[in-house]
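# Coordinates in review
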Amino acid sequence: MALDGVRGLMTLFVVVSHLFAEVPGGVSALMFGWIGVDMFFVLSGYLVGKLILEKRACENFFSVFYARRFLRTIPAYMITVLVVFGLFRLCDPAWSEAEPLFPLWSYLTFSQPAFMIATETIGAHWLAPTWTLAMEEHFYLLAPAAIVFTPRRWLPAVLACVVALAVGLRLAVFEFGFANHMVGLTLLPSRGDLLAVGILGALMATSPRVPWKMLEPWLRWTPLAALGGILVLKRLGGSAFDVFGPLTMAIGCASYLLALVRGAPEAKTMESRFLRFFGNNSYCIYLSHLPVLGLMHGLILHARPGLGSPAQWAVTLMAAPVCVLVGVGMTKLIEEPLTRWGRSWKWSESRRAARPSFAASQA
């Protein structure tokens with residue numbers, strides 16, 4: 001339950017940042033949505049990694065995993081994309097923020113990051129957050145096979161290589177100009193350390209050999225140390241934060257998650273009904289909040305969202321609960337029924353045949 005609360009808190013971080021900070025005239029002190037995005041990646045790595053580690057031996061692992069993932073994430077996403085494209089045809093281009101509009105098929109195939117890199121823009125603003133969902137879907141495609149077919153004892157080394165690749169790619173992009181900045185922001189390899197550190201956390205959580213009594217105090221202090229590291233990187237300027245910030249955040253976030261699942265006192269706060277409500281509705285709120293905000297400002301004020309006038313503040317304050325209501329409605333009508341259907345695919349009690357070892361194959 002505490003992890004549902006974490007998801008809810010991070011959803012609030014993102015929505016508050018998008019509504020009240022990342023708009024003209026916004027409050028810069030509220031610009032902490034990036035923290036929520038990074039935590040979402042680490043949390044996804046942890047939860048998906050833990051699921052794969054626990055169910056990898058099931059004979060029907062791949063069919064059940066992909067059926068459940070598809071029904072949990074794809075329909076609500078596709079409906080949102082199609083509705084937004086329909087709105088773009090009906091709304092005034094002066095305030096719908098539809099330019100540059102990437103092809104519909106790029107969003108439906110989760111290939112919009114390629115267009116973001118090619119144009120060095122986020123594309124249509126109402127669909128800007130979908131790059132994170134594209135990265136998640138790429139992760140869902142690759143992670144199961146990578147974890148299932150890699151011997152558990154080799155996984156830490158493989159994940160360390162993923163971390164090194166991500167940091168190295170960001171270094172090449174932000175320090176040496178290897179490619180434009182969107183490569184360092186929107187591609188899976190450049191953000192792979194966030195997901196890999198989450199999987200490392202899952203590996204620890206499912207291992208009987210971890211000396212938790214010794215580690216638990218450190219798990220609670222590491223997030224604070226990571227926060228200090230982030231402030232130092234920000235202070236250094238240049239490319240330091242862009243290159244090393246995600247890894248620093250990943251370590252802090254993973255430590256915090258492990259502290260919660262190990263029963264740290266902070267878990268009680270994360271178990272609040274308020275945060276769990278947002279956690280349970282997080283996916284659809286995340287999908288729909290920018291279209292709702294943009295549509296309300298456009299229809300009422302005939303302008304793009306901003307906070308430069310009392311009228312704009314009033315519309316944004318009205319939009320906030322509407323964003324929540326639309327997200328909850330989508331959750332109840334689309335996500336939850338299809339997720340329940342996905343759970344009708346049961347994990348098999350039969351186990352996959354173990355692959356013969358190299359030594360045995362030579363006997």
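Look above for the structure.
Residues numbered from 1 in each chain as written. Predicted model: local features only at pLDDT ≥ 70, side-chain atom pairs only at ≥ 80, totals over all residues. Heavy atoms only, no water.

### A look at the overall build of the protein
- Within the protein, the regular secondary structure consists of 17 helices and 0 strands.
- Taking 363 residues into account, the globule formula puts the C-alpha radius of gyration at 21 Å, and the protein, at 21 Å, falls close to it.
- Seen through its principal axes, the protein has C-alpha atoms that stretch 75 × 50 × 45 Å.
- Counting only residues that meet the buried cut, the protein has 50% of its 363 residues in that class.
- On the protein, roughly 17500 Å² of surface is accessible, and the fraction owed to carbon and sulfur atoms is 68%.
- Of the side-chain charges in the protein, 29 are positive and 20 negative, and the distance between the mean point of each set is 10 Å. (Helix = DSSP H or I, 4+ residues; strand = E, 2+ residues; numbered from the N terminus. Rg over C-alpha atoms; globule rule 2.2 N^0.38 Å. Buried < 20%, exposed > 50% of the residue type's maximum accessible area, 1.4 Å probe, protein only. Areas by Shrake-Rupley, 256 points an atom, 1.4 Å probe, with all protein chains shown as cover. Lys, Arg positive; Asp, Glu negative; His and termini not counted. Charge placed at Lys NZ, Arg CZ, Asp CG, Glu CD.)

### Things to note about the packing of helix α3 (residues 61-90) against helix α7 (residues 130-148)
- Viewed as axis vectors pointing N to C, α3 and α7 meet at an angle of 180°, and their least axial separation amounts to 11 Å. What the angle tells us is that α3 and α7 run roughly antiparallel. For the pair formed by α3 and α7, the contact residues are Phe61, Phe62, Phe65, Tyr66, Arg69, Thr73, Ile74 and Tyr77 on the first element and Thr130, Leu133, Glu137, Tyr140, Leu141, Pro144, Ala145 and Val148 on the second.
- When grouped by side-chain class, the residues that make up the contact of α3 with α7 number 12 nonpolar, 2 polar and 2 charged. (Axes fitted to C-alpha atoms, helices over the stretch in contact; angles between N-to-C directions. Parallel < 35°, antiparallel > 145°, perpendicular 65-115°, else oblique. Contact = heavy atoms within 4.5 Å. Nonpolar A, V, L, I, M, F, W, Y, C, P; charged D, E, K, R; others polar.)

### Digging into the nonpolar core
- Grouped together as the largest cluster of nonpolar side chains are 107 residues, with contacts concentrated most on Ile52, Tyr77, Tyr107, Phe139 and Leu257.
- The element that contributes the greatest number of residues to this core is helix α12 (residues 240-261), accounting for 12 residues. (Core = buried A, V, L, I, M, F, W, Y, C linked by side-chain atoms within 4.5 Å.)

### Considering the packing of aromatic side chains
- One pass over the structure, following the stated rule, counts 21 aromatic pairs.
- A ring pair is formed by Trp105 and Phe115, whose centres lie 5.5 Å apart and whose planes are at 75°; its orientation type is edge-to-face. Taken as a pair, Trp105 in helix α5 (residues 104-108) and Phe115 in helix α6 (residues 112-119) lie far apart in primary sequence, 10 residues in all.
- The exposure class of Phe115 is partly exposed, given its relative accessible area of 23%.
- Between Phe274 and Phe278 the ring centres are 5.1 Å apart and the planes differ by 65°, which places this aromatic pair in the edge-to-face class. Residue Phe274 and its partner Phe278 are located together in helix α14 (residues 273-280), separated by 4 residues, close to a single helical turn.
- By relative accessible area, which is 53% here, Phe274 ends up exposed.
- On the basis of relative accessible area, Phe278 is assigned to the buried category, the value being 9%. (Phe/Tyr/Trp six-rings, centres within 6.5 Å; stacked < 30°, edge-to-face > 60°.)

### Let's talk about α3
- Between its terminal C-alpha atoms α3 stretches 44 Å, which fits the 44 Å expected from 30 residues at 1.5 Å a residue.
- When the local axis directions of α3 are compared, the greatest deviation, roughly 35°, occurs at Phe70. (Expected span 1.5 Å × (residues − 1). Bend = angle between axes of the 7 residues up to and from the residue.)

### Describing a nonpolar patch on the surface
- A cluster of nonpolar side chains, Val27, Trp313 and Leu317, forms an exposed patch at the surface whose accessible area comes to about 250 Å².
- Mapped onto the fold, Trp313 is located in helix α16 (residues 310-342).
- The class for Trp313 is partly exposed, based on a relative accessible area of 33%. (Patch = residues over 30% accessible without salt bridge, like charges linked within 9 Å, V, L, I, M, F, W, Y side chains within 5 Å. Salt bridge = Lys/Arg side-chain N within 4 Å of Asp/Glu carboxyl O.)

### Here's the deal with the packing of helix α1 (residues 2-20) against helix α2 (residues 33-55)
- For the pair α1 and α2, the least separation of the axes is 7 Å and the interaxial angle reads 150°. Relative to α2, α1 is oriented roughly antiparallel. Along this stretch, α1 crosses α2, giving a crossing that reads as left-handed. Across the interface between the two elements, Leu3, Val6, Arg7, Met10, Thr11, Phe13, Val14 and Ser17 from α1 touch Gly33, Ile35, Gly36, Val37, Met39, Phe40, Leu43, Tyr46 and Leu47 from α2.
- Split into classes, the residues belonging to the contact of α1 with α2 amount to 12 nonpolar, 4 polar and 1 charged. (Left-handed = near helix turned anticlockwise from the far one by under 90°.)

### Overview of unusual backbone geometry
- With an omega of -5°, the peptide bond running from Glu99 to Pro100 counts as cis.
- Backbone geometry places Glu97, a non-glycine residue, at a positive phi of 55°.
- On the secondary structure map, Glu97 appears in the loop between α4 (93-96) and α5.
- Its identity as a non-glycine residue notwithstanding, Phe110 has a phi of 60°, on the positive side.
- Along the chain, the position of Phe110 falls in the loop between α5 and α6.
- Take Phe110: its relative accessible area is 9%, and that puts it in the buried class.

### Quick look at the environment of Ala21
- Residue placement: Ala21 occurs in the loop between α1 and α2.
- Classification of Ala21 as buried rests on a relative accessible area of 6%.
- Ignoring anything within four residues of it in the chain, the contact list for Ala21 reads Val16, Gly26, Val27, Leu30 and Met31.

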